[in-house]
Amino acid sequence: QVQLVESGGGLVQAGGSLRLSCAASGSIFSINGMGWSRQAPGKQREFVAAITSGGSTDYVDSVKGRFTISRDNAKNTVYLQMNSLEPEDTAVYYCTANGRTKSQVRFSSWGQGTQVTVSS
């Protein structure tokens, strides 16, 4: 009932920047947390960043100072600004969101993923 669609991935050289976007749509009453996770080839999916409806943020240590998460509550959209990218940031990035539908059913959704490749 709630769909997440990511955009903004691509190929960038080390030291470059990318901005990911993720828009939620469907039968949404409210969204609490939104965030990003990533999965590199041969590795487990890992948490990257999260933001609450009130704007509190959290980051994995490896991206602190380089990545910034933000959201537009009116648009049900979350962003991930990624600066000073490193080859180790290469992964498929997934958007996540949780909240309640208009039927007051809790949801927890994942996007389909967007590829980020950082060349050295």
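Residues numbered from 1 in each chain as written. Predicted model: local features only at pLDDT ≥ 70, side-chain atom pairs only at ≥ 80, totals over all residues. Heavy atoms only, no water.

**Considering the side chain of Arg66**
Okay, step 1: Among the structural elements, Arg66 can be located in the loop between strand S6 (57-59) and strand S7 (67-72).
Okay, step 2: Setting aside anything within four residues of it in sequence, one finds Arg66 in contact with Gln81, Met82, Asn83, Ser84, Leu85, Glu86 and Asp89. (Helix = DSSP H or I, 4+ residues; strand = E, 2+ residues; numbered from the N terminus. Contact = heavy atoms within 4.5 Å.)

**Considerations on the pattern of salt bridges**
Okay, step 1: One pass over the structure, following the stated rule, counts 5 salt bridges.
Okay, step 2: Salt-bridge contacts for Asp89 lead to Arg38; the nearest nitrogen and oxygen are separated by 3.0 Å. A residue pair is termed long-range when its members are at least 10 positions apart, and Asp89 in the loop between strand S8 (77-82) and strand S9 (91-101) and Arg38 in strand S4 (residues 28-39) qualify at 51 residues. One exposure class covers both Asp89 and Arg38, and it is buried.
Okay, step 3: Residues Lys64 and Asp61 are paired through a salt bridge, measuring 3.0 Å at the closest nitrogen-oxygen approach.
Okay, step 4: Of the residues examined, Lys64 reaches a relative accessible area of 48% and is grouped as partly exposed.
Okay, step 5: Each of Arg38, Glu46, Arg66, Glu86 and Asp89 takes part in salt bridges that share partners, so that together they form one network. (Salt bridge = Lys/Arg side-chain N within 4 Å of Asp/Glu carboxyl O. Buried < 20%, exposed > 50% of the residue type's maximum accessible area, 1.4 Å probe, protein only.)

**Here we look at the pairing of S8**
Okay, step 1: Of all 6 residues that make up S8, 5 are buried, and the element is covered over most of its length.
Okay, step 2: By the bridge criterion, 6 bridges tie strand S3 (residues 18-26) to S8 in an arrangement that is antiparallel. Each residue of the ladder has a partner; that of Leu20, found in S8, is Leu80.
Okay, step 3: Pairing analysis gives 6 bridges linking S7 to S8, with the strands arranged antiparallel. (Pairing = 2+ DSSP bridges.)

**Here's the deal with unusual backbone geometry**
Okay, step 1: If you check the backbone angles, Ser84 has positive phi at about 50° while not being a glycine.
Okay, step 2: Residue placement: Ser84 occurs in the loop between S8 and S9.
Okay, step 3: Of the residues examined, Ser84 reaches a relative accessible area of 41% and is grouped as partly exposed.
Okay, step 4: The backbone of Gln104 shows a phi angle near 65°, a positive value even though the residue is not glycine.

**Notes on the packing of aromatic side chains**
Okay, step 1: Counted under the stated rule, the structure contains 1 aromatic pair.
Okay, step 2: Taking the centre distance of 6.4 Å and the plane angle of 70° together, the rings of Tyr94 and Trp110 count as edge-to-face. Linking Tyr94 in strand S9 with Trp110 in strand S10 (residues 106-110), this pair joins segments that are 16 residues apart in sequence.
Okay, step 3: Over the ring of Tyr79 we find Arg19, and its NZ or CZ is 4.1 Å from the ring centre.
Okay, step 4: Across the ring face of Tyr94, the terminal group of Arg45 is positioned such that the distance to the ring centre comes to 3.7 Å. (Phe/Tyr/Trp six-rings, centres within 6.5 Å; stacked < 30°, edge-to-face > 60°. Lys NZ or Arg CZ within 6 Å of the ring centre and 35° of its normal.)

**What about the nonpolar core?**
Okay, step 1: With 30 residues, the main nonpolar core has Trp36, Leu80, Met82 and Tyr93 as its most contacted residues.
Okay, step 2: Going through the elements one at a time, strand S1 (2-7), S3, S4, strand S5 (46-51), S7, S8, S9 and strand S11 (114-119) are the ones with two or more residues in this core. (Core = buried A, V, L, I, M, F, W, Y, C linked by side-chain atoms within 4.5 Å.)

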